[in-house]
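# A look at the structure
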Amino acid sequence: MSAASCLLTEDQFLCSICLDVFTDPVSTPCGHNFCKSCITKHWDINEPYKCPNCKKVFYRRPEMLVNTFISEMAAHSSEQQVSKPGEVPCDVCTGTKPKALKSCLVCLVSYCETHLEPHLTASGLKRHQLIDPVENLEGRMCTKHDKLLELFCKTDQMCVCMLCSVLDHQGHSVVPLKEEYKGKKAELGKTDAEIQQMIQKRRLKIEEMKRSVELSKKDADREIAAGVQVFSALKESVERSQAELIDTIKEKQRETEKQAEGFIKELEQEISELEKRSSEVEQLSQSEDHLHLLQSFPSLNAAPPTKDWTGVSVRPPSYEGTVVRAVNQLEETISKQMKKLFEAELKRVQQYAVDVTLDPDTAHPKLILSDDGKQVKHGDVRKNLPDYPERFDHCVSVLSKQSFSSGRFYHEVQVKEKTDWTLGVARESINRKGNLTLTPQNGYWRTGLRNKNEYRALAGPSVRLSLKHQPEKVGVFVDYEEGLVSFYDVDAAALIYSFTGCCFTQKLYPYFSPCVNDGGENSAPLIISPVRHRIYLNDD
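Reading guide: rules and limits
- Residues numbered from 1 in each chain as written.
- Predicted model: local features only at pLDDT ≥ 70, side-chain atom pairs only at ≥ 80, totals over all residues.
- Heavy atoms only, no water.
- Helix = DSSP H or I, 4+ residues; strand = E, 2+ residues; numbered from the N terminus.
- Buried < 20%, exposed > 50% of the residue type's maximum accessible area, 1.4 Å probe, protein only.
- Axes fitted to C-alpha atoms, helices over the stretch in contact; angles between N-to-C directions.
- Parallel < 35°, antiparallel > 145°, perpendicular 65-115°, else oblique.
- Left-handed = near helix turned anticlockwise from the far one by under 90°.
- Contact = heavy atoms within 4.5 Å.
- Phe/Tyr/Trp six-rings, centres within 6.5 Å; stacked < 30°, edge-to-face > 60°.
- Patch = residues over 30% accessible without salt bridge, like charges linked within 9 Å, V, L, I, M, F, W, Y side chains within 5 Å.
- Areas by Shrake-Rupley, 256 points an atom, 1.4 Å probe, with all protein chains shown as cover.
- Salt bridge = Lys/Arg side-chain N within 4 Å of Asp/Glu carboxyl O.
- Pairing = 2+ DSSP bridges.

### Remarks on unusual backbone geometry
The phi angle of most residues is negative, glycine excepted, and most peptide bonds adopt the trans form. In this structure, Pro 461 follows Gly 460 across a cis peptide bond, with omega equal to 5°. Note that Pro 461 resides in the loop between β18 (454-458) and β19 (463-465). Unusually for a residue other than glycine, Asp 146 sits at a positive phi of about 55°. Accessibility expressed as a relative area gives 59% for Asp 146, which makes it exposed. Phi is positive for Asn 451, which is not a glycine, with a value near 55°. Relative accessible area serves as the criterion here: at 53%, Asn 451 is assigned to the exposed category.

Here you go:
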């Protein structure tokens, strides 16, 4: 665009009727310009034909000529994009401001395409430093010396001008902005790479969480389906048992009613016969015929033959024990269902089996461990061992080498032929010295056998357990996040006890105590056994 065109103001591209940039501009004979549609509508309404600008009257509707120059200029003006929110506007334009293409660090002004042209053509302005448009150009000037901030003080980590570097930052490490810019840009590149890596990790974590939610939903759906199936079967069993109970009682009642009906029928027949004889006797007694009375007397003098009803009665049936027997049968059915349920549960937890070995550095000095770390029993001799902080010195206990701080884990221990034993888990920070109170409050979750037949969950206070079978192999399952510790009778596929609602924040170690030898009665070892999935045979 020529330099002359740069002198045209924005108002010169606006139609005085619609006050917008010309569309198909035309000129009147008096030299004024309007949009073709605007002046046409104006003259369609108003007579005589006057110029809207100078009010000159035309007695005939004048012929309008296309203004080629204004048309091109208006088109060029409309091509310049109006600045949007967040974009830097041109500082020179008035009215509607187009967006700036460059900012001049010398002039401290931002220019649109039109007003930028002198900086691209004039030799004196070509030396000015142009950058992508920015706001607040005054902020690029030193407020103290009114000079351009073109240096960076590395000592004070701030932008300075030339005078600042000589006067206020003398002796400091000062470099050109461009040099520091490269260094900081490289740092930003590293920062961005780190941020991208963090973003990627978090995206992976999101995917992991989504997968966990999907698995949780599948588990939930499976559990719901299994639960519905079990409860439906239990409901059917209860309804069937109830129906059988009612049928049994009703059948007894029907038999009683049938017996009574038979007796009543016989009695009613005898009554009928007796009433007939009574009528005949009464009639005969009133007869005046001497011969007839004497002849009939032998046959009517005695009552007709009847049954002796003295010992006959209808006894109500005894219902004692009927409901109890029905409930016992229902309990057997429910027990079978529960056993199936525990069998399925045990199979699931066995999937989380881990390899556990005993840690000799934690074992009480009287405990004897096997070389493979899979067996432990109590000996009568206290060995002379280093008194490690990890070692139990009073309680005859030992922990595993392995610890767990998340997820689920399961292991099995043989307790066959033992009269006393304790199993469970313990947190890392437990006290191991002196006489201890081994409760959940102190970091121990345990269950075990005392005095040959007294099973207890050591929940502080302890809970006495009623077990149908004496376990020979005990399974220990932990769900860390769920706060669950469960003990199973492996062979019977039965739940022994569960600690629920636990809050785990530290590492957990499997815990073992074979208890004291008791003169050889409790000499059998605790044996960590490999987990083998069993096929359980249903009783039915």
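Picking up where we left off.
### Comments concerning the packing of helix α6 (residues 177-285) against helix α7 (residues 290-300)
Relative to each other, α6 and α7 sit at 155°, their axes nearing to 11 Å. Looking at the two axes, α6 sits roughly antiparallel to α7. Where α6 crosses over α7, the two elements pack in a sense that is left-handed. Taking contact as the criterion, the partners of Arg 277, Glu 280, Val 281 and Leu 284 in α6 are, on α7, His 292, Leu 293, Ser 296, Phe 297, Ser 299 and Leu 300.

### Some points on the packing of aromatic side chains
If you walk through the whole model with that rule in mind, you get twelve aromatic pairs. When the ring of Trp 445 is compared with that of Phe 504, the centres are 5.1 Å apart and the planes differ by 85°; the resulting orientation is edge-to-face. Of this pair, Trp 445 sits in strand β17 (residues 444-450) while Phe 504 sits in the loop between β22 (494-499) and β23 (508-513); the two residues are 59 residues apart in sequence, bridging distant segments of the chain. Across the pair, Phe 504 and Trp 445 agree in class, each one buried. Taking the centre distance of 5.5 Å and the plane angle of 45° together, the rings of Tyr 480 and Phe 504 count as tilted. Note that Tyr 480 is positioned in the loop between β20 (473-479) and β21 (484-489) and Phe 504 in the loop between β22 and β23, a separation of 24 residues in sequence. Grouping aromatic residues by their ring pairs yields a cluster made of Trp 43, Tyr 49 and Phe 58.

### Quick word on the environment of Ala 494
Within the fold, Ala 494 resides in strand β22. Residue classification places Ala 494 among the partly exposed residues on the basis of a relative accessible area of 26%. Considering only alpha carbons, one finds Ala 494 and Val 66, 428 residues apart in sequence, at a separation of 100 Å.

### Quick notes on a nonpolar patch on the surface
Together, Leu 163, Val 166 and Leu 167 make up an exposed nonpolar region whose accessible area comes to about 270 Å². Checked against the element boundaries, Val 166 lands in helix α5 (residues 162-167).

### Notes on the pairing of β17
Along any regular strand the residues' side chains alternate between the sheet's two faces. Most of β17 is tucked away: six of the seven residues are buried. By the bridge criterion, six bridges tie strand β16 (residues 421-427) to β17 in an arrangement that is antiparallel. Among the inter-strand pairings, Leu 423 is bridged to a residue of β17, identified as Thr 447.

### Let's talk about the pairing of strand β13 (residues 375-378)
The alternating pattern of β13 places Val 376 and His 378 on a buried face, while none of Gln 375 and Lys 377, on the opposite face, is buried. The antiparallel hairpin formed by strand β12 (residues 367-369) and β13 contains five residues in its connecting segment, where Gly 373 sits at a positive phi of about 70°. Judged from the two bridges that link them, β13 and strand β24 (residues 526-529) form a sheet pairing that is antiparallel. Of the residues in β24, the one forming a bridge with Val 376 is Leu 526.

### Some points on the pattern of salt bridges
In the structure shown here, the tally under the stated rule is 18 salt bridges. Lys 205 is paired through a salt bridge with Glu 208; the nearest N and O atoms lie 3.3 Å apart. Highlighted residues: Lys 205 and Glu 208, both in helix α6, separated by three residues, approximately one helical turn. When its relative accessible area of 39% is taken as the criterion, Lys 205 is described as partly exposed. A relative accessible area of 38% means that Glu 208 is categorised as partly exposed. Put simply, Asp 355 and Lys 374 hold a salt bridge, and the shortest N to O gap is 2.5 Å. Here the residue Asp 355 occupies a position in the loop between α8 (322-349) and β12, and Lys 374 occupies one in the loop between β12 and β13, the gap between them amounting to 19 residues. Three or more residues are tied together by salt bridges with common partners; here these are Asp 219, Arg 222, Glu 223 and Arg 348.

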